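# Observations on the model geometry
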Amino acid sequence: MEQFIEFATNHWMMVGTFAILLILWLGYEFMTGNKAISCQQATLLVNREEGVFLDIRDRGDFRNGHIAGAVNISMASLKDRVGELEKYKAKPIIVVCKMGNTASGAVSELQKAGFEKACVMRGGMSNWQNDNLPVVTK
């Protein structure tokens, strides 16, 4: 602990910058309200509450392998095609991307459009495949 205090006093600008960035990042996460769920939690939402997977990857990636029953609307066309999801408005929508990084933007867009139960699947399709969960190519 003494070494940490000595480091912090010797490098106060670096420690201060880190603290400020950490606070800003945490504030952003809490303000956007985007919750990330695991693959298992996503499966439970689909099975118990009739949720739907929204795959925001491009068409080529979707054709190479996707979650069964997933709806494919690319991130670029989500604003224009959000009306196609109206029938799922009261149900959980689990947004899936390649690695789980870009899905939070789609969740924010969906929440603005009134989809209150939209959430991100942590790790995206790479996590789904790493967990050896089923993927279809049809």
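Heads up: these notes are all about the structure in this document. These figures come from a predicted structure and were not determined experimentally. (Residues numbered from 1 in each chain as written. Predicted model: local features only at pLDDT ≥ 70, side-chain atom pairs only at ≥ 80, totals over all residues. Heavy atoms only, no water.)

## Let's talk about the overall build of the protein
The helix and strand inventory of the protein stands at seven helices and five strands. Reading the protein from its N end, one meets helices and strands in the order α-α-β-α-β-α-β-α-β-α-β-α. In terms of overall size, the protein is more extended than a compact globule, its C-alpha atoms giving a radius of gyration of 19 Å where 138 residues would be expected to give roughly 14 Å. Principal-axis analysis of the C-alpha atoms places the extent of the protein at approximately 60 × 35 × 30 Å. Per-residue burial for the protein yields a buried fraction of 36% across its 138 residues. The contacts in the protein between residues at least 6 apart in sequence include a share of 66% that link residues at least 24 apart. (Helix = DSSP H or I, 4+ residues; strand = E, 2+ residues; numbered from the N terminus. Rg over C-alpha atoms; globule rule 2.2 N^0.38 Å. Buried < 20%, exposed > 50% of the residue type's maximum accessible area, 1.4 Å probe, protein only. Contact = heavy atoms within 4.5 Å.)

## What about the packing of aromatic side chains?
Under the counting rule described, the total for this entry stands at one aromatic pair. Residues Phe53 and Trp128 carry aromatic rings whose centres are separated by 5.5 Å and whose planes lie at 75° to one another, so their mutual orientation is edge-to-face. Placement of the pair is Phe53 in strand E2 (residues 52-55) and Trp128 in helix H7 (residues 124-130), with a sequence separation of 75 residues. The same class applies to Phe53 as to Trp128, namely buried. Taking the ring centre of Phe115 as reference, the NZ or CZ of Lys89 above it sits at 5.3 Å. (Phe/Tyr/Trp six-rings, centres within 6.5 Å; stacked < 30°, edge-to-face > 60°. Lys NZ or Arg CZ within 6 Å of the ring centre and 35° of its normal.)

## Considering the pattern of salt bridges
Tallied over the entire structure, the rule returns five salt bridges. A salt bridge links Arg57 to Asp55, with the shortest nitrogen-to-oxygen separation between them at 2.8 Å. Judged by its relative accessible area of 1%, Asp55 is buried. The closest approach of N and O atoms between Lys89 and Glu86, which form a salt bridge, is 3.6 Å. Residue class for Lys89 comes out partly exposed when judged on its relative accessible area of 30%. With a relative accessible area of 41%, Glu86 lands in the partly exposed category. (Salt bridge = Lys/Arg side-chain N within 4 Å of Asp/Glu carboxyl O.)

## Details of helix H3 (residues 39-49)
When H3 is considered as a whole, its buried residues turn out to be Cys39, Ala42 and Leu45. Taken around the axis of H3, the buried residues stretch over an arc of 120°, which confines them to a single face. In H3, the exposed positions angled more than 90 degrees off the buried face are occupied by Asn47 and Arg48. Buried residues in H3 make contact with strand E1 (36-37), E2, strand E4 (93-96), strand E5 (118-121) and H7. Immediately downstream of H3, the backbone of Glu50 shows phi near 55°, a positive value. (Arc of directions from axis to C-beta.)

## Some thoughts on the side chain of Arg57
Position of Arg57 relative to the elements: it lies in the loop between E2 and helix H4 (59-64). A polar atom in the side chain of Arg57 sits 2.8 Å from the side chain of Asp55. When near neighbours in sequence (up to four residues on either side) are disregarded, Arg57 contacts Phe62, Gly65, His66, Asn72, Ser74, Val96, Cys97, Lys98 and Met125. (Polar contact = N/O pair within 3.5 Å; in protein donor to acceptor, adjacent residues only side chain to side chain.)

## Quick word on the side chain of Ser38
Residue position: Ser38 is located in the loop between E1 and H3. On the basis of relative accessible area, Ser38 is assigned to the buried category, the value being 16%. Setting aside anything within four residues of it in sequence, one finds Ser38 in contact with Met121 and Arg122.

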